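In case you want the letters, here they are:
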Amino acid sequence: MKLLHSVLRTACLCAAALAAPVLFADEETNYDEALAGSYTLPDPLACADGTRVAAPEEWFGKRRPELLEQFQTEMYGVMPGVNRERLAFETLRENPVALDGKAAFKEMRVYFDAPNPAPKLDLLICIPNRAEKPVPAFLIPNFQGNHTVCSDPWISISDNTEAIHTRNVNGEERRGYKKDRYPIETIIDRGYAFVTGFYEDIDPDFDDGRQNGVHSLFAAMEQDVPEESRAATITAWAWGLSRALDALETVPEIDSSRVAVAGHSRLGKTALWAGANDPRFALVISNDSGCGGAALTRRNFGETINTITHGFPHWFCPRYKTYIGRTDELPFDQHELIALIAPRPVYVASASEDLWADPTGEFLSARNADPVYRLLGTEGIGGAGDTPPEADTPVGAIIHYHRRTGKHNITEYDWAQYLDFADRYMTN
Ligand code: GCU
């Protein structure tokens, strides 16, 4: 049953996400804990030259850059630079009395290649009116256009015609359609700004040989990068989120030193990667990010490198698929992606029925990032033990974790924990 669920989930998403159909038989997927395998995780503090990090300076000066480079060349692709002269921001519209006067809504356009009109990212920025300014913010990309996150008729309908998720459905009928995932009013009431943008504005979510979206700008910057390590789509999305943060730095009502980057599923993978690359993100939230996100790769449970690189070949650079069947040879595992965020607060969340994303593997990743957080003088994952907590029981300290009862989704329960976590770690 579970296997069938995963096959269907993969098949549906693949059919939707790919121009060329990939019918990948997901026969290898394991959901039996007894068969999750035994493996040895790489020590995040062990350097490639055989030495071991003993002090924070060595982490930041030596090990962290080495690890970041390995993730770039072997998995997500090298993070491109920014041509600041071609980056521009424009406030398109403002409504000072949205949500019955509780919030001001702004629509801001990020031009990645100004003065060219495309590629661009349209941000919806919701700022609490009654809070003391500047306010901290949550930046969370959305899956189907800004008009789908809230029913307010003021919000512009996505004009993206390249996107697979909005194609043919980017009209009025989808207004507010995904609002349950984005409790904007609660976030505003808690004194935070809410910022979102449609992820496919940054890079459409299909394999087009790195031509569309911001990929079109990267070629000129990637001449020295081997083809098999060039920026894949998760890197493109993470790059775009950093440009959204550049834009927020120009918004006086927002405290850009207190911006949390969050994401669900493939965008949870993206949030972790954005946080690993851009130390300006003050807090990182991975919601059900699974394989290629928070979940350990060496554990044989749920989605694998094989399934993910067949279903979504554009998400990772070509080097990644060379590790199919030899995960032990990966120079890193995903706990080290979390470690790259240290000492900043990070929240990893799973859902109990989301076995495809391997909740236990997500917990163990958070758990095994702890030595780096401790080295940097934090409480790491606090008193959480070595085994996953009960459902609906958040654990940890500056590394936090919960496994919500239910399905692959981002819910009110998840947001309630993220808001408490932000209150604790992202206040002045
Ligand atoms: C698929 C994919 C996952 C991904 C998810 C999503 O299920 O296999 O890796 O997280 O889609 O983004 O919705």
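Residues numbered from 1 in each chain as written. Predicted model: local features only at pLDDT ≥ 70, side-chain atom pairs only at ≥ 80, totals over all residues. Heavy atoms only, no water.

Another point: the overall build of the protein chain. Across its full length, the protein chain carries 12 helices and 10 strands. At 20 Å, the protein chain has a C-alpha radius of gyration in line with the 22 Å of a compact globule built from 428 residues. C-alpha extents for the protein chain along the principal axes are approximately 55 × 45 × 45 Å. Taking all 428 residues of the protein chain together, the buried fraction comes to 61%. Accessible area for the protein chain stands at about 16,500 Å²; split by element, carbon and sulfur atoms hold 51% of it. (Helix = DSSP H or I, 4+ residues; strand = E, 2+ residues; numbered from the N terminus. Rg over C-alpha atoms; globule rule 2.2 N^0.38 Å. Buried < 20%, exposed > 50% of the residue type's maximum accessible area, 1.4 Å probe, protein only. Areas by Shrake-Rupley, 256 points an atom, 1.4 Å probe, with all protein chains shown as cover.)

On to the site of the ligand, then. Ser265, Arg266, Lys269, Glu303 and Trp356 are the nearest of the 11 residues found near the ligand. Between the ligand and Arg266 there is a distance of 2.6 Å, counted from an oxygen atom to a side-chain nitrogen or oxygen. In this structure, Lys269 approaches the ligand through a side-chain N or O atom, which is 2.8 Å from an oxygen atom. Relative to its free-state accessible area of 320 Å², the ligand is covered by the protein chains to the extent of 94%. Going through the elements one at a time, helix H1 (2–17) and helix H7 (266–277) are the ones with two or more residues in the shell around the ligand. Split into classes, the residues belonging to the shell around the ligand amount to five nonpolar, two polar and four charged. (Near = heavy atom within 4 Å. Polar contact = N/O pair within 3.5 Å; in protein donor to acceptor, adjacent residues only side chain to side chain. Nonpolar A, V, L, I, M, F, W, Y, C, P; charged D, E, K, R; others polar.)

Right, let's talk about the pattern of salt bridges for a bit. Opposite charge on two side chains permits pairing when their charged atoms draw close. Scanning all chains against the criterion turns up 36 salt bridges. Where Arg404 meets Asp288, a salt bridge forms, and the shortest distance between an N and an O atom there is 3.7 Å. Note that Arg404 is positioned in strand E10 (residues 399–404) and Asp288 in the loop between strand E7 (283–287) and helix H8 (305–311), a separation of 116 residues in sequence. Of the two residues, Arg404 and Asp288, both sit in the buried class. Between Arg374 and Asp370 there is a salt bridge whose closest N-O contact spans 3.1 Å. Placement of the pair is Arg374 and Asp370 together in helix H11 (residues 370–375), with a separation of four residues, close to one helical turn. A single network of salt bridges, built from pairs that share partners, joins Arg84, Arg243, Asp246, Glu249, Asp278 and Arg280. (Salt bridge = Lys/Arg side-chain N within 4 Å of Asp/Glu carboxyl O.)

Glancing now at the side chain of Glu222. With respect to the element layout, Glu222 can be found in the loop between helix H5 (215–218) and helix H6 (233–248). The buried category is assigned to Glu222, whose relative accessible area is 3%.

Here Lys133 and Pro134 are connected by a cis peptide whose omega angle stands at -5°. Note that Pro134 resides in the loop between strand E3 (120–128) and strand E4 (135–139). Ala342 connects to Pro343 through a cis peptide bond whose omega is 5°. Not every positive phi belongs to a glycine, and Leu99 is a case in point at roughly 45°. Turning to its location among the elements, Leu99 is positioned in the loop between strand E1 (88–98) and strand E2 (103–111). Residue Leu99 is classed as buried on the basis of its relative accessible area, which comes to 18%. Positive phi values are uncommon outside glycine, yet Asp100 reaches one of about 55°. Considering the arrangement of structural elements, one finds Asp100 in the loop between E1 and E2.

With that out of the way, let us pick up the pairing of E3. Side chains on a regular strand alternate between the two faces of the sheet. Judged by how many residues are buried, E3 sits mostly within the fold: nine of nine residues are covered. Where burial is concerned, the two faces of E3 agree: the one with Lys120, Asp122, Leu124, Cys126 and Pro128 and the one with Leu121, Leu123, Ile125 and Ile127 are both buried. With four bridges joining them, E3 and strand E5 (residues 193–197) adopt antiparallel strand pairing. Of the residues in E5, the one forming a bridge with Leu123 is Gly197. (Pairing = 2+ DSSP bridges.)

Quick look at the confidence of the model for the protein chain now. Overall, the predicted model of the protein chain reaches an average pLDDT of 93, with 93% of residues at or above 70. Here residues 1–25 scores under 50 on pLDDT; set against residues more than four positions off or in separate chains, the count is 33 contacts. (pLDDT = per-residue confidence, 0-100. Contact = heavy atoms within 4.5 Å.)

Counting residues in each nonpolar core, the largest one holds 120 residues, and the members touching the most others are Phe105, Phe138, Ile254 and Trp273. When residues in this core are grouped by element, the largest group, 10 residues, is from H6. (Core = buried A, V, L, I, M, F, W, Y, C linked by side-chain atoms within 4.5 Å.)

The next thing to look at is the environment of Ala262. Looking at the element boundaries, Ala262 is found in strand E6 (residues 254–264). Residues Ala262 and Tyr320 lie 58 residues apart in sequence; the distance between their C-alpha atoms is 24 Å.

Moving on, we get to the packing of helix H2 (residues 56–76) against H7. At their nearest, the axes of H2 and H7 sit 11 Å apart, and the two run at 140° to each other. By the angle class used here, H2 and H7 are oblique. When the axes of H2 and H7 are compared, the crossing they make is left-handed. In this structure, H2 contributes Arg64, Leu68, Phe71, Gln72 and Tyr76 to the contact, and H7 contributes Trp273, Ala276 and Asn277. Of the residues belonging to the contact of H2 with H7, the class tally is five nonpolar, two polar and one charged. (Axes fitted to C-alpha atoms, helices over the stretch in contact; angles between N-to-C directions. Parallel < 35°, antiparallel > 145°, perpendicular 65-115°, else oblique. Left-handed = near helix turned anticlockwise from the far one by under 90°.)

Glancing now at the sheet that holds E6. Neighbouring strands of a sheet are bound in pairs by backbone hydrogen bonds; such pairs are parallel or else antiparallel. The mixed open sheet is built from 10 strands, whose spatial order is E1-E2-E3-E5-E4-E6-E7-E8-E10-E9. Edge strands, defined here as strands with exactly one partner in the open sheet, are E1 and strand E9 (395–396). Where E7 meets strand E8 (residues 346–351), four bridges bridge the pair, whose relative direction is parallel. Bridging from a neighbouring strand, Ser286 pairs with Val348 of E8. Strand contacts of helix H10 (residues 359–368): E8, E9 and E10, with the helix running at about 165° to E8, the strand carrying the most contacts.

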